[in-house]
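Residue-level structure breakdown
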Amino acid sequence: MDFIEKLYHNDISGTDIGELRLFLCGKRTDAPNHRFGPAARDNFWLIYLRDGAGVLEVGRHSCRIGKGDIFVVYPNRRTYYRADNGSVWTLYWLSLAAPIIEEVLPLLGISEDSPVKSVDDRVSIEETFELLLEQFELETPEAKLRCQSLVYKLLSFLTVSGQTAKPRDYIDEAILYMTSNFDRRFSVGELAAGLNIDKSYFCRLFKQRQGLTPTEWLTEYRLKKAVSLLQNTDLRIKEIALSVGFDDQLYFTRRFKRRFGTSPTAFRERMENHMIN
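Residues numbered from 1 in each chain as written. Predicted model: local features only at pLDDT ≥ 70, side-chain atom pairs only at ≥ 80, totals over all residues. Heavy atoms only, no water.

Quick look at the packing of helix α4 (residues 170-180) against helix α6 (residues 199-210)
Stated formally: In this description, a line fitted to the C-alpha atoms serves as the axis of each element, helices being fitted only across the stretch in contact, and the angle between N-to-C directions of two axes falls anywhere from 0 to 180 degrees. The helix and strand labels rest on DSSP assignments: H or I over at least four residues marks a helix, E over at least two residues marks a strand, and numbering proceeds from the N terminus. When describing relative orientation, an angle under 35 degrees is termed roughly parallel and one over 145 degrees roughly antiparallel, while 65 to 115 degrees is termed roughly perpendicular and anything else oblique. Contact criterion: two residues are considered in contact whenever any of their non-hydrogen atoms come within 4.5 Å of each other. Amino acid classes used here: Ala, Val, Leu, Ile, Met, Phe, Trp, Tyr, Cys and Pro are nonpolar; Asp, Glu, Lys and Arg are charged; the rest, including Gly, are polar.
At a minimum axis distance of 10 Å, the contact between α4 and α6 shows a crossing angle of 90°. If you check the angle between α4 and α6, you find them roughly perpendicular. Contact residues: Tyr170, Ile171, Asp172, Ala174, Ile175 and Met178 in α4; Phe202, Leu205, Phe206, Arg209 and Gln210 in α6. Tallied by class, residues from the contact of α4 with α6 come to eight nonpolar, one polar and two charged.

Quick look at the sheet that holds strand β3 (residues 35-39)
Within a sheet, adjacent strands bond to each other through the backbone by hydrogen bonds, running parallel or antiparallel. This is how the line gets drawn: Here the rule is simple: two strands pair whenever DSSP picks up at least two bridges between them.
Taking strand neighbours across the sheet as the criterion, the four strands line up as β3-β8-β5-β6 in an open arrangement whose pairing is antiparallel. Looking at which strands have only one partner, the edges of the open sheet turn out to be β3 and β6 (61-66). The sheet shows a mean angle of 20° between the axes of neighbouring strands, direction not considered. Bridging between strand β5 (residues 53-58) and β6 involves six bridges; their strand directions are antiparallel.

Here's the deal with the pattern of salt bridges
Our working rule: Whenever a carboxyl oxygen of Asp or Glu lies within 4 Å of a side-chain nitrogen of Lys or Arg, that contact is scored as a salt bridge. Buried means the residue's accessible area, taken with a 1.4 Å probe over protein chains only, is under 20% of the maximum for its type, while exposed means over 50%, and partly exposed covers the values in between.
Inspection of every chain in the model, using the stated rule, returns 11 salt bridges. For the salt bridge of Arg82 with Asp84, the shortest nitrogen-to-oxygen distance reads 4.0 Å. Residue Arg82 is classed as partly exposed on the basis of its relative accessible area, which comes to 27%.

Observations concerning α4
Counting buried positions along α4 yields nine of 11 residues, so the element is predominantly enclosed. Among the residues of α4, Ile171, Asp172, Glu173, Ala174, Ile175, Leu176, Met178, Thr179 and Ser180 are the ones counted as buried.

Let's talk about the packing of aromatic side chains
Heads up, the condition is: Two rings belonging to Phe, Tyr or Trp (six-membered ring only in the last case) form a pair when the distance between their centres is within 6.5 Å. Interplanar angles under 30 degrees mark stacking, angles over 60 mark edge-to-face geometry, and anything in between is tilted.
Under the defined criterion, the tally for this structure stands at 18 aromatic pairs. Aromatic side chains Tyr177 and Phe186 sit 5.2 Å apart centroid to centroid with 80° between the ring planes, which places their arrangement in the edge-to-face category. Classification of Tyr177 by relative accessible area gives partly exposed; the value is 37%. Assessed through its relative accessible area of 17%, Phe186 is described here as buried. When the centroid spacing of 6.3 Å and the interplanar angle of 80° are considered together, the rings of Phe206 and Trp217 count as edge-to-face. Here Phe206 is found in helix α6, whereas its partner Trp217 is found in helix α7 (residues 214-232), with 11 residues between them in sequence. What makes Phe206 buried here is its relative accessible area of 0%. Judged by its relative accessible area of 16%, Trp217 is buried. Taken together, the ring pairs connect Phe246, Tyr251, Phe252, Phe256, Phe260 and Phe267 into an aromatic cluster.

Topic: the packing of α7 against helix α9 (residues 249-260)
Two elements in contact, α7 and α9, have axes whose closest approach is 11 Å; the angle formed by their N-to-C orientations is 90°. The pairing of α7 with α9 is recorded here as roughly perpendicular in orientation. Of the residues in α9, those in contact with Thr219, Glu220, Leu223, Lys224, Ala226, Val227 and Leu230 of α7 are Phe252, Arg255, Phe256, Arg259 and Phe260. Grouping the amino acids of the contact of α7 with α9 by side-chain chemistry returns seven nonpolar, one polar and four charged.

Quick look at the confidence of the model for the protein
So the rule is basically this: pLDDT expresses how confident the predictor is about each individual residue, on a scale running from 0 to 100.
Predicted confidence across the protein gives a mean pLDDT of 79, with 86% of residues reaching 70 or more. Taking the mean pLDDT of every element in the protein, the minimum, 37, falls on strand β1 (residues 2-7) and the maximum, 94, on α9. Low pLDDT (under 50) marks residues 1-18, which in the prediction has 61 contacts with non-local residues, meaning those over four places away or in another chain.

A closer look at unusual backbone geometry
A positive phi angle, near 60°, is found at Asn76, a position not held by glycine. As for its placement among the helices and strands, Asn76 is situated in the loop between β7 (69-73) and β8 (79-83). Taking the relative accessible area as the measure of exposure, Asn76 reaches 61% and is therefore exposed.

Set out below in structure tokens:
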């Protein structure tokens, strides 16, 4: 049996908002009668079954899993999975924690009631897992950044996996990108170019689906993240603005006041007074 496993914490981000922590990743090959549980995991586990077949049980739900499937084990949920008798598994996995994961998984068509998804581009996803294992071993700051990038790349494969007849969903891909990169500056034109779609057509599709333009949607998302930072951290207003993608503190304050009717400073003071009272 070939077994690769290594632990470390990937603490690149300065706050818990939008942070991605990769706790563990690994690969097991030639694993007959592999099983887990019934038990619960502390974090999210993404497991890719390269070879083999078996059964996955989550709570009272049960389903088949097989070659080319990726399934998610949710934290603190009773989970059991096992290989069929005589089935030899080869699997990759990673364990991670991030508030963003709970937001992204539904966009990929994954939920606690439907935690399995088939992968179309098996070659690419297996190559990405191998690169992740390679970088994980290095433990340098550069390697940790590459690990984060590779995890997002793995998630991006799931946006185009599933039924081959299903058309590409540009809006879900755009939302996945925006929720993963809300702390960075990028234009709608750059986003559309990355999706290889005309900007005007993309904006029209987005507004039809979400009821907001891409810029409006991203601003709303950033401001809600700012509220969470105001409530849960002691970061300065300027630091919060930068953390959610606003380079200009004054502009951030204007947008925040327009949305919530009060400045970030007054909002935080009101929250603190409320907690005291």
